[in-house]
Amino acid sequence: MDKFKRAQDWVIAVLGLYAALSPLFYAYSGGSGFSVVIAIAIVLCAVIALSLPESKSVQWILIVASVLLFIVPWISSIVGWAAWNLRIVSIVMIILASTSLKTIE
């Protein structure tokens, strides 16, 4: 597969950027620092996945980081729509990273 062509990784990168910037849009009741760090790591991994399209390990790192982003609201005491925002975004990223993983031979 050609570099920077997989649509799933582009969407994951955009969703990761959205998750990193979401504390600016929503009033987070708890600490948002951990979610921002994980979201930035997801963006970096998505860019690496775009440049290394045959790497299964990067896709697994994306899945694990997305699962961590899913549980961040409980760890950081984030409630309300901000928590649901992180959970929905992370579920979509888990699904996309899993489908990317299936396309790698």
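Our structure is the block above this text.
Calculation notes
- Throughout, a residue's number is its position along its own chain's written sequence, starting from 1.
- Given that the model is predicted, a residue must reach a pLDDT of at least 70 before its local features are reported, and side-chain atom pairs must reach 80 or more before they are shown or counted; all residues, however, enter totals for whole chains, interfaces and linings.
- Values reported for side chains reflect all heavy atoms of the structure, with hydrogen atoms and water molecules removed beforehand.
- Comment: elements are numbered from the N terminus, with helices defined as DSSP H or I runs of at least four residues and strands as E runs of at least two.
- Computation of the radius of gyration draws on C-alpha atoms alone. For the globule rule, the value is 2.2 Å times the number of residues to the power 0.38.
- Burial here depends on accessible area, computed with a 1.4 Å probe over protein chains only, as a share of the maximum for the residue type. Under 20% is buried, over 50% is exposed, and the range in between is partly exposed.
- Residue contacts are counted whenever heavy atoms from the two residues lie within 4.5 Å of one another.

**Student:** Teacher, can you tell me more about the overall build of the protein here?
**Tutor:** Helix and strand counts for the protein stand at four helices and zero strands. Along the protein, from the amino end to the carboxyl end, the secondary structure elements read α-α-α-α. Against the 2.2 N^0.38 benchmark of 13 Å for 105 residues, the protein shows a C-alpha radius of gyration of 13 Å, consistent with a compact globule. Projecting the C-alpha coordinates of the protein onto the three principal axes gives extents of approximately 45 × 20 × 15 Å. Looking at the protein residue by residue over its 105 residues, the buried ones come to 44%. In the protein, the proportion of contacts linking residues at least 24 apart, taken out of those at least 6 apart, comes to 74%.

**Student:** I would appreciate a short explanation of unusual backbone geometry in the present structure.
**Tutor:** Backbone phi values are negative for most residues with the exception of glycine, while trans is the configuration of most peptide bonds. Positioned with a positive phi, Ser77 is a non-glycine residue whose angle comes to about 60°. Here Ser77 lies in the loop between helix 3 (56-75) and helix 4 (81-103).

**Student:** What's the story with the environment of Pro53 in this structure? I'm lost.
**Tutor:** On the secondary structure map, Pro53 appears in the loop between helix 2 (33-51) and helix 3. Using a relative accessible area of 8% as the deciding quantity, one classes Pro53 as buried. For the pair Pro53 and Arg6, spaced 47 residues apart in sequence, the C-alpha separation works out to 7.5 Å.

**Student:** Honestly, the side chain of Ser100 in this entry has me stumped. Any pointers?
**Tutor:** Note that Ser100 resides in helix 4. With a relative accessible area of 0%, Ser100 lands in the buried category. In this view, Ser100 contacts Arg6, Gln8, Asp9 and Gln59; residues no more than four positions away in its chain are not counted.

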